[in-house]
Amino acid sequence: MDADGPATKLAASTVNRILAAVSSFYEYAILSGLLDRANPLEKRPDPALARVSERHRPFMGRASRQRPVRRAVRVKTVQRVPRPLSDDQVEALLAQLRGLRDKAIVLLMLHGGMRPGEVLGLHLDDLAYGRRRVVVRHRDDHPKGARSKSRYERVVDLHEVETLAAVSAYVMGERPAEADSRLVFLIGGRGTRRLEALSYDGLVRMFSRACTRAGIREPWVTPHALRHTHATSMWEGGMRELTLQKRLGHASPESTRIYTNPRELHQTGEKPQVARSRRGLEGLRGHYELAA
């Protein structure tokens, strides 16, 4: 409780990040000679974690100096299972999108598995219509602060005809022709913000309004849920784990493994996205190595 009423309840992961920041500050103070006692949030070796077979191993394996450690003070976290949208939810969402720009954004996340920040940061020269692909590059110069989470460049093949058609229709017909910016997605209309780059908040508001009109508005239905839907459908359609990791731009296989555990995938009660997986993998079959 605080002076104004109930205090904000923080998630366990947020508390652990705060503890990590405080621990780093103590380490800095000790190394700088500003503190002459031990770190109260010290880290201790964790031999049990080293015995986990599926744990991500550092480069050079056992020769590396990295050793599994765990903070003495921490909050227990529960790994959440990503929930994909059903076919009916996807169809209802697409039917409520207004404008070519909104449709192009949603289809890039749904059929390409791209993060919202990656879509907002696309430049015109990142689109390769002839090769049916999009190049995702790390940039830090977006006017509204949108950025790619991964620092590695990757290529995303788009073999869904409607995705490239929607992007092309927006660029050729709806995107402001007088814009000097190389960014693909801009604010149109006749308002004072015309020609400005679309922000992440603007994308979220657009997505939330479309979900409300479609009757699928729930706390877990976010723009990032489209990426979860894509990853789940690709895995259930037969894509290998390493291929899926590269397609999503995950640095660690642990991030991809939440989609590849069949027991976890069906805890949400969602039906397998077999129909959508088959459509999405028809074009990818010649470009990726698929499981038999």
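Along each chain, residues carry numbers from 1 onward, in the same order as the chain's sequence is written. Owing to the predicted nature of the model, reporting of local features is limited to residues with pLDDT of at least 70; listing and counting of side-chain atom pairs is limited to 80 or more, with chain, interface and lining totals taken over all residues. Only hydrogens and water are set aside; all other atoms, that is, all heavy atoms of the structure, feed into the side-chain values.

**Some words on the overall build of the protein chain**
- From N to C terminus, the protein chain includes twelve helices and five strands.
- Put simply, the protein chain has 292 residues, and 42% of those count as buried.
- Should any heavy atoms of two residues lie within 4.5 Å, those residues are counted as being in contact. Here the analysis covers contacts within the protein chain between residues at least 6 apart in sequence; of these, 63% occur between residues at least 24 apart. The helix count covers DSSP runs of H or I at least four residues long, the strand count covers runs of E at least two residues long, and both are numbered beginning at the N terminus. Only protein chains enter the accessibility calculation, which uses a 1.4 Å probe; a residue is then buried when its area is under 20% of its type maximum, exposed when over 50%, and partly exposed in between.

**Let's talk about the pattern of salt bridges**
- Salt-bridge detection follows one rule: a side-chain nitrogen of Lys or Arg within 4 Å of a carboxyl oxygen of Asp or Glu. Scanning the model with the defined rule gives twelve salt bridges in all.
- Ionic pairing is found between Arg133 and Asp157, a salt bridge with its closest N-O pair at 3.3 Å. With a gap of 24 residues between them, Arg133 in strand β4 (residues 133–136) and Asp157 in strand β5 (residues 154–157) connect regions that are remote in the sequence.
- For Arg257, the salt bridge goes to Glu254, with nearest N and O atoms at 2.9 Å. With Arg257 and Glu254 both in helix α10 (residues 253–260) and three residues apart, the pair spans about one turn of that helix.

**A few points about the packing of aromatic side chains**
- Here is the rule: rings of Phe, Tyr and Trp (six-membered ring for Trp) pair when centre to centre is within 6.5 Å. Planes less than 30 degrees apart are stacked, more than 60 are edge-to-face, and the remainder are tilted. Across all of its chains, the model carries two aromatic pairs by this definition.
- With 6.4 Å between their ring centres and 65 degrees between their planes, Phe25 and Tyr26 make a pair best called edge-to-face.
- The class for Phe25 is exposed, based on a relative accessible area of 54%.
- Look at Tyr170 and Phe185: their rings are 5.5 Å apart centre to centre, the planes differ by 20 degrees, and that puts the pair in the stacked class. You can see Tyr170 sitting in helix α6 (residues 161–174) and its partner Phe185 sitting in the loop between α6 and α7 (200–214), a full 15 residues away along the chain. As far as burial versus exposure is concerned, Tyr170 and Phe185 are alike and both buried.

**Points about the layout of surface pockets**
- Looking at the largest pocket, its volume works out to about 640 Å³.
- Taken together, 24 residues line the largest pocket, and the ones lying closest to its centre are Arg115, Lys149, His224, Arg227 and His250.
- Each residue gets one label: Ala, Val, Leu, Ile, Met, Phe, Trp, Tyr, Cys and Pro are nonpolar, Asp, Glu, Lys and Arg are charged, and the others, such as Gly, are polar. Partitioned by chemical class, the residues of the lining of the largest pocket number eight nonpolar, ten polar and six charged. Each cavity reported here is a set of points on a 1 Å grid over the protein atoms alone in which a 1.4 Å probe fits but cannot get out, each pocket an open set with protein on both sides within 12 Å along at least five of seven lines, and each lining residue one with an atom within 4 Å of a point. Grid points are joined across faces, edges and corners, and a volume is the space filled by probe spheres set on the points.

**Some points on the confidence of the model for the protein chain**
- Across the protein chain, pLDDT averages 82, with 75% of residues at or above 70.
- Residue range residues 262–279 is modelled with pLDDT below 50. Its contacts to residues more than four positions away, or to other chains, number 33 contacts.
- pLDDT gives the predictor's per-residue confidence on a scale running from 0 to 100. Contacts from residues 287–292, a stretch scored under 50 in pLDDT, to residues over four places away or in other chains number 16 contacts.

**Points about the sheet that holds β4**
- Strand pairing requires that DSSP identify at least two bridges connecting the strands. Read across the open sheet, the three strands follow the order β3-β4-β5; overall the sheet is antiparallel. Only two strands of the sheet have a single partner each, and these edge strands are β3 (127–128) and β5.
- One ladder, built from four bridges, connects β4 with β5; its direction is antiparallel. The residue bridging Arg133 from the neighbouring strand is Asp157, located in β5.

**Quick word on unusual backbone geometry**
- Even without glycine at this site, Arg132 takes up a positive phi of about 55 degrees.
- The exposure class assigned to Arg132 is partly exposed, which follows from its relative accessible area of 42%.
- The phi torsion at Leu195 lies on the positive side, around 80 degrees, for a residue other than glycine.

**Brief notes about the environment of Gln245**
- If you trace the backbone, Gln245 turns up in helix α9 (residues 241–248).
- When the C-alpha positions of Gln245 and Ala231 are compared, they lie 9.3 Å apart, and in sequence the two are 14 residues distant.
- Beyond its immediate chain neighbours, meaning those up to four positions away, Gln245 contacts His250, Ala251, Ser252, Pro253 and Thr256.

**Some remarks on the pairing of β4**
- A two-sided burial pattern is seen for β4, the buried positions comprising Arg133 and Val135 on one face and Val134 and Val136 on the other.
- Of the strand pairs in this sheet, β3 and β4 are connected by two bridges, and their pairing is antiparallel. Each residue of the ladder has a partner; that of Leu127, found in β4, is Val134.
- Here β3 folds back onto β4 in antiparallel fashion, the turn holding four residues, of which Arg132 has a positive phi close to 55 degrees.

**So, the nonpolar core**
- In terms of nonpolar packing, the biggest core is built from 45 residues, with Leu93, Ile105, Leu108, Leu122, Phe185 and Leu226 touching the most fellow members.
- For this core, the secondary structure elements donating two or more residues are α3 (87–95), α4 (100–112), α5 (116–120), β4, α6, α7 and α8 (223–236).
- Every residue in contact with Leu122, bar those within four places of it in the chain, is listed here: Leu108, Met114, Leu127, Val134, Val135, Arg182, Leu183, Val184 and Phe185.
- Put simply, a nonpolar core is a bunch of buried Ala, Val, Leu, Ile, Met, Phe, Trp, Tyr and Cys residues held in one set by side-chain atoms that sit within 4.5 Å of each other. Counting residues in each nonpolar core, the second largest holds seven residues, with Met234, Met239, Leu248 and Ile258 among its members.

**Observations concerning the side chain of Arg227**
- Tracing the backbone shows Arg227 in helix α8.
- His residues and chain termini do not enter the charge count, which takes Lys and Arg as positive and Asp and Glu as negative. Buried and without a salt bridge, Arg227 has Glu118 as its closest oppositely charged side chain, separated by 4.6 Å.
- Once residues lying within four places of it in the same chain are set aside, the contact partners of Arg227 are Met109, Gly113, Met114, Arg115, Arg154, Leu248 and His250.

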